[in-house]
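So you can see what is in the structure, the chains are spelled out below.
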Amino acid sequence: RTAADCQRLADSGAAVFEIDLQFMNGVPVVSHFLPPWPGMPLLRHDRWRFTLRSRIGAEEDMAAVLDRIPAGCAVLVDLKTEDVLHAKILVELLAGTGRPPEGWYVSGKDAGALAIVAAAGYRTWLSVSTRPEFVGALNGLLPPDLDGIAVRHTFLDEATVGRLRQHQPRVIAWTVDKLYQAEELADHGVAGITSDNPAVHRFVASR
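Predicted model only: the values in this text are computed from it and were never measured. Here the residue numbering is sequential within each chain, running from 1 through the sequence in written order. For this predicted model, a pLDDT threshold of at least 70 governs which residues receive local features, and a threshold of 80 or more governs which side-chain atom pairs are given and counted, while totals over whole chains, interfaces and linings are taken from all residues. The side-chain figures draw on all heavy atoms in the structure; neither hydrogens nor water molecules are used.

### Quick look at the pattern of salt bridges
Heads up, the rule is: Salt bridge criterion: a side-chain nitrogen from Lys or Arg within 4 Å of a carboxyl oxygen from Asp or Glu. Secondary structure elements follow DSSP: runs of H or I no shorter than four residues count as helices, runs of E no shorter than two count as strands, and numbering proceeds from the N terminus. Remark: exposure states derive from per-residue accessible area (1.4 Å probe, protein chains only) relative to the maximum for the residue type, with buried under 20%, exposed over 50%, and partly exposed in between.
Under the criterion given, the structure shown has 10 salt bridges. Put simply, D5 and R8 hold a salt bridge, and the shortest N to O gap is 2.2 Å. Pair noted here: D5 and R8 are both in helix α1 (residues 3-11), with a separation of 3 residues, about one helical turn. Residue classification places D5 among the partly exposed positions, given a relative accessible area of 26%. Residue R8 is classed as exposed on the basis of its relative accessible area, which comes to 52%. Close ionic contact of R68 with E60 constitutes a salt bridge, the shortest N to O distance being 2.8 Å. Here R68 and E60 have matching classes, each one buried.

In structure tokens:
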């Protein structure tokens, strides 16, 4: 929530800060609230928290959040509003921040949106959160020019990490907050771990 908080996380070993980005009335907003169904855009939720308001206090403009992230850290933009138009706007936004392309990662589910971001020189991760998406990734059904695959950690074990790495060497596990799970996944060969736990950040930084 503050620059000091972000600096403490960086000091504990966090190298990349993830922001969940969506476009609300054309404004890039950092928010984890999304419609549960496409036909109900006014009802939004973050797990079991729901809102009918068009904007809540926890939702911030992208620029305000970026100002808090230490300059030496990269930023992972998890694009929640996924279509070609918003991917093009995102590329313009990233270029306008002054951070170099190597300071960014962009994750999402839409192959067309990721292709536009990758063509502009930014690193892209395919986000895999459902069983059908995971089966597709295991079978090599992946967009071109990916830098990595970000996979729900409950899908991953030694065998599945090995299969995924045959198609894409960089497998990133999310969201892992238990240290023993992070240690197991590292032994299985994942290239990165997303976590809210500073102890996991310190472990990853020590590898």
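Having seen the structure, we can now continue with the description.
### Some points on helix α4 (residues 111-119)
Under the convention used in this document: What the arc measures is the spread of directions leading from the helix axis to the C-beta atoms. Note on contacts: a residue pair is in contact if any heavy atoms of the two residues lie within 4.5 Å. Between N or O atoms, a polar contact is any pair within 3.5 Å; within protein, one atom must be a potential hydrogen donor and the other a potential acceptor, and residues adjacent in sequence are included only when both atoms are from side chains.
Taken residue by residue, α4 has A113, L114, V117 and A118 as its buried positions. The buried side chains of α4 occupy one side of the element, clustering within an arc of 135° when seen end-on. On its buried face, α4 sits against α3 (84-96), β7 (104-108) and β8 (123-128). The backbone nitrogen of G112 lies 3.1 Å from a side-chain oxygen of the residue at the head of α4, namely D110. At the exit of α4 stands G121, carrying a positive phi of roughly 100°.

### Section: the nonpolar core
Here is the rule: Side-chain atoms within 4.5 Å are what join buried Ala, Val, Leu, Ile, Met, Phe, Trp, Tyr and Cys residues into a set we call a nonpolar core.
I19, L21, V77, L94 and W104 are the most contacted members of the largest nonpolar core, which totals 24 residues. Among residues more than four places away in sequence, those in contact with L21 are P28, V29, V30, M62, V77, D78, L79, K80, T81 and L90. In terms of nonpolar packing, the next biggest core, distinct from the first, is built from 23 residues, L126, I149, V151 and L185 among them.

### Notes on the pairing of β7
To be explicit about the condition: DSSP calls a pair of strands paired once it identifies at least 2 bridges connecting them. Seen with its strands pointing away from the viewer, a crossover is right-handed if its path from the first strand over the helix to the second goes clockwise.
With 5 of 5 residues buried, β7 is to be regarded as a mostly interior element. Neither face of β7 is open: one carries W104, V106 and G108, the other Y105 and S107, and all of them are buried. Where strand β6 (residues 74-79) and β7 come together, 4 bridges link them in parallel fashion. Along β7, the bridge assignment pairs L76 with Y105. Note that the unit made of β6, α3 and β7 has a crossover that is right-handed. Here β7 pairs with β8 via 4 bridges, running parallel. Note that in β8 the partner of G108 across the bridge is L126.

### What about the sheet that holds β8?
Reading across from one edge, β5-β2-β1-β6-β7-β8-β9-β10-β11 is the order of the 9 strands in this open sheet, with mixed pairing throughout. Here the strands that pair on one side only, and so sit at the sheet edges, are β5 (60-61) and β11 (192-193).

### A closer look at the environment of L142
Mapped onto the secondary structure, L142 falls in the loop between α5 (131-138) and β9 (148-152). When the C-alpha positions of L142 and H167 are compared, they lie 8.1 Å apart, and in sequence the two are 25 residues distant.

### Topic: the environment of E133
Its place among the elements puts E133 in helix α5. The sequence separation of E133 and V65 amounts to 68 residues, and the corresponding C-alpha distance is 30 Å.

### Description of the packing of α5 against helix α6 (residues 158-167)
How two helices sit against one another is set out by the angle between their axes and by the gap between those axes. Just so we agree on the cut-off: Angles run from 0 to 180 degrees between N-to-C directions of axes, and those axes are lines fitted to C-alpha atoms, restricted for helices to the stretch in contact. An angle below 35 degrees is read as roughly parallel, one above 145 as roughly antiparallel, one from 65 to 115 as roughly perpendicular, and any other as oblique.
Orientation of α5 relative to α6, taken along the N-to-C sense of each, is 60°, at an axis distance of 8 Å. Our classification of the angle between α5 and α6 gives oblique. Taken together, the residues of α6 that come into contact with α5 (itself represented by F134, A137 and L138) are T160, R163, L164 and H167.

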